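# Residue-level structure breakdown
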Amino acid sequence: MTGSRAWNFSAGPAALPLPVLESVRADLLDYHGLGLSVLEMSHRSDAFAAIAARAERDLRQLLDVPDDYAVLFVQGGATLQFTMTVLNLAGEHGTVAIADTGLWSGKAFAAAERLTPTVRACSLARDANARIVIPHPRTWHVPADAAYLHVCDNETVDGIALGEQTLGGIETHFPGVPIVADLSSSLLSRPIDVSRYAVIYAGAQKNIGPAGLTLVIASPDAIARSRQAADLPNVLSYAAMHDAGSMLNTPPTFAWYVAGLVFRWLLGNGGLQEMGVRNAAQAERVYAAIDALDGFENVVGSAHRSMMNVPFSLRDAGATTAFLAAAEASGLVGLKGHKSVGGCRASLYNALPDEAVTALLALMSSHADGTLDA
Ligand SMILES: *Cc1c(COP(=O)(O)O)cnc(C)c1O
């Protein structure tokens, strides 16, 4: 811990960089001499327009977003995007394919199925060692006329990452099918090629900023398709939101501002290249500990282990409560697994310092047989 701050392994809302919080605190009552807080500022004011524009510019730079892609700052969480993607992109009863790779993909499937014909492109499988794997795309079922294929880049609950091999396989086997991707827990964790996707969306509260903000990055074709969905209420329309500069109605101003500070922090700390290296190294350390220590287990196959969310269980499941209590007592919080799977989960977002991982490994080795070199 540093001062009174805990090591925060929460899956979301999650840790924010300390310099960002300090900047928020310094400017909270009087933003840049204006005599008011960003919390109290009109979204139509020059000051907020500058905050919003800077945030978008910095995000575009971080992700190298193609100029003709739209960047939207919206509300409703990733959960609303499960529905908005269908409403904007599927056309009249167009078929949507969804890769079912975990809890959040399952929710995307259930939301799509209510609105349009929906096909399960794949389901999770087990390899010969009973480890969870995503089958190779050559075995997937994606109709040639599918409006799009929806994937979840990182399954936050299950700790399953799609991985480059799967994404590349999709492009090889289903060329021309637009890819829509939920990157809620992985956007900004590493460099990505935005141009491979028709739409990317992410709830901010995992790795981007505070809850209440959702990022949508949409290709020109996706915006054009949205424009054809003429009956769509405008707050649900990508095209209408784009035309209004994400200010069709009052946007989540404070969350937008804090996300902008996070973008600046990332740019000042080596950008996504550096984050990718740090995140991979942290994940590597945690998985190595789980694999080395007798008391702990993670059942995801190595090709699909998430770099952001590491679920693990204690082989003696009865000891989980005591482990989590010991963690809290040592200032490690947010390690309880999602209610649907139980056990433990360590989320390793950008803002988590290496010292937090060191503290976690020390705690784990004191609760297990076997020892760690690290
Ligand atoms: C958290 C999460 C969601 C849901 O986000 P909300 O903002 O709560 O709607 C969806 N998908 C993934 C991958 C997530 O991690």
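Quick caveat: nothing in here was measured; it's all calculated off a predicted structure. (Residues numbered from 1 in each chain as written. Predicted model: local features only at pLDDT ≥ 70, side-chain atom pairs only at ≥ 80, totals over all residues. Heavy atoms only, no water.)

A few words now on the packing of aromatic side chains. Scanning the model with the defined rule gives nine aromatic pairs in all. Plain terms: the ring middles of Phe 82 and Trp 104 are 6.4 Å apart, the flat faces sit at 45° to each other, and that makes the pair tilted. A residue pair is termed long-range when its members are at least 10 positions apart, and Phe 82 in helix 3 (residues 77-89) and Trp 104 in helix 4 (residues 103-113) qualify at 22 residues. Classification of Phe 82 as buried rests on a relative accessible area of 4%. An angle of 70° between the planes, with centres 5.8 Å apart, marks the rings of Phe 296 and Phe 312 as edge-to-face. Taken together, the positions of Phe 296 in strand 13 (residues 296-297) and Phe 312 in strand 14 (residues 309-314) put the pair 16 residues apart, joining distant regions of the chain. (Phe/Tyr/Trp six-rings, centres within 6.5 Å; stacked < 30°, edge-to-face > 60°. Helix = DSSP H or I, 4+ residues; strand = E, 2+ residues; numbered from the N terminus. Buried < 20%, exposed > 50% of the residue type's maximum accessible area, 1.4 Å probe, protein only.)

In contact at an axis separation of 9 Å, helix 2 (residues 46-63) and helix 8 (residues 253-267) are set at 40° when each is read in the N-to-C sense. In terms of their interaxial angle, helix 2 and helix 8 are classed as oblique. For helix 2 against helix 8, the interelement crossing comes out left-handed. On the side of helix 2, the interface is formed by Phe 48, Ile 51, Ala 52, Arg 54, Ala 55, Asp 58, Leu 59, Gln 61 and Leu 62, while helix 8 contributes Thr 253, Trp 256, Tyr 257, Gly 260, Phe 263, Arg 264, Leu 266 and Leu 267. Classifying every residue of the contact of helix 2 with helix 8 gives eleven nonpolar, three polar and three charged. (Axes fitted to C-alpha atoms, helices over the stretch in contact; angles between N-to-C directions. Parallel < 35°, antiparallel > 145°, perpendicular 65-115°, else oblique. Left-handed = near helix turned anticlockwise from the far one by under 90°. Contact = heavy atoms within 4.5 Å. Nonpolar A, V, L, I, M, F, W, Y, C, P; charged D, E, K, R; others polar.)

Residues Leu 63, Trp 140, Leu 187, Leu 188 and Phe 263 are the most contacted members of the largest nonpolar core, which totals 64 residues. Aside from chain neighbours lying at most four places away, what touches Leu 187 is Leu 63, Ile 192, Ile 200, Ala 202, Asn 207, Ile 208 and Leu 215. Core analysis: the second largest hydrophobic core is formed by 28 residues, Leu 293, Leu 348, Ala 356 and Met 364 among them. (Core = buried A, V, L, I, M, F, W, Y, C linked by side-chain atoms within 4.5 Å.)

What follows covers the site of the ligand. Taken together, the neighbourhood of the ligand is formed by 13 residues, with Thr 79, Thr 156, Asp 182, Gln 205 and Lys 206 sitting nearest. A distance of 3.2 Å is found between an oxygen atom of the ligand and a backbone nitrogen or oxygen belonging to Ala 78. Between an oxygen atom of the ligand and a side-chain N or O atom of Thr 156, the distance comes to 2.4 Å. Burial of the ligand by the protein chains amounts to 87% of its free accessible area of 390 Å². Here the shell around the ligand is built from residues that sort into four nonpolar, seven polar and two charged. (Near = heavy atom within 4 Å. Polar contact = N/O pair within 3.5 Å; in protein donor to acceptor, adjacent residues only side chain to side chain. Areas by Shrake-Rupley, 256 points an atom, 1.4 Å probe, with all protein chains shown as cover.)

With that out of the way, let us pick up the side chain of Asp 27. Here Asp 27 lies in helix 1 (residues 18-27). Although Asp 27 lies buried, it forms no salt bridge, and the closest oppositely charged side chain, Arg 264, sits 7.4 Å away as judged by the N-O distance. Dropping the residues within four chain positions of it, Asp 27 is found in contact with His 32 and Tyr 257. (Lys, Arg positive; Asp, Glu negative; His and termini not counted. Salt bridge = Lys/Arg side-chain N within 4 Å of Asp/Glu carboxyl O.)

Tallied over the full model, the rule gives eleven salt bridges. One salt bridge connects Arg 60 with Glu 56, and the closest N-O pair in it is separated by 2.9 Å. Of the two residues, Arg 60 and Glu 56 both sit in helix 2, four residues apart, roughly one turn of that helix. Within this structure, Glu 164, Glu 171 and Arg 196 form a network of salt bridges that share partners.

Here we come to the sheet that holds strand 13. Judged by pairing direction, the sheet is antiparallel, and its three strands sit side by side in the order 13-14-16 without closing on themselves. One side of each edge strand has no neighbouring strand; the edge strands of this open sheet are strand 13 and strand 16 (344-347). In terms of strand pairing, strand 14 meets strand 16 through four bridges, oriented antiparallel. Each bridged residue has a counterpart across the sheet, and for Phe 312 the counterpart in strand 16 is Cys 344. Strand contacts of helix 9 (residues 271-292): strand 13 and strand 14, with the helix running at about 15° to strand 14, the strand carrying the most contacts. (Pairing = 2+ DSSP bridges.)

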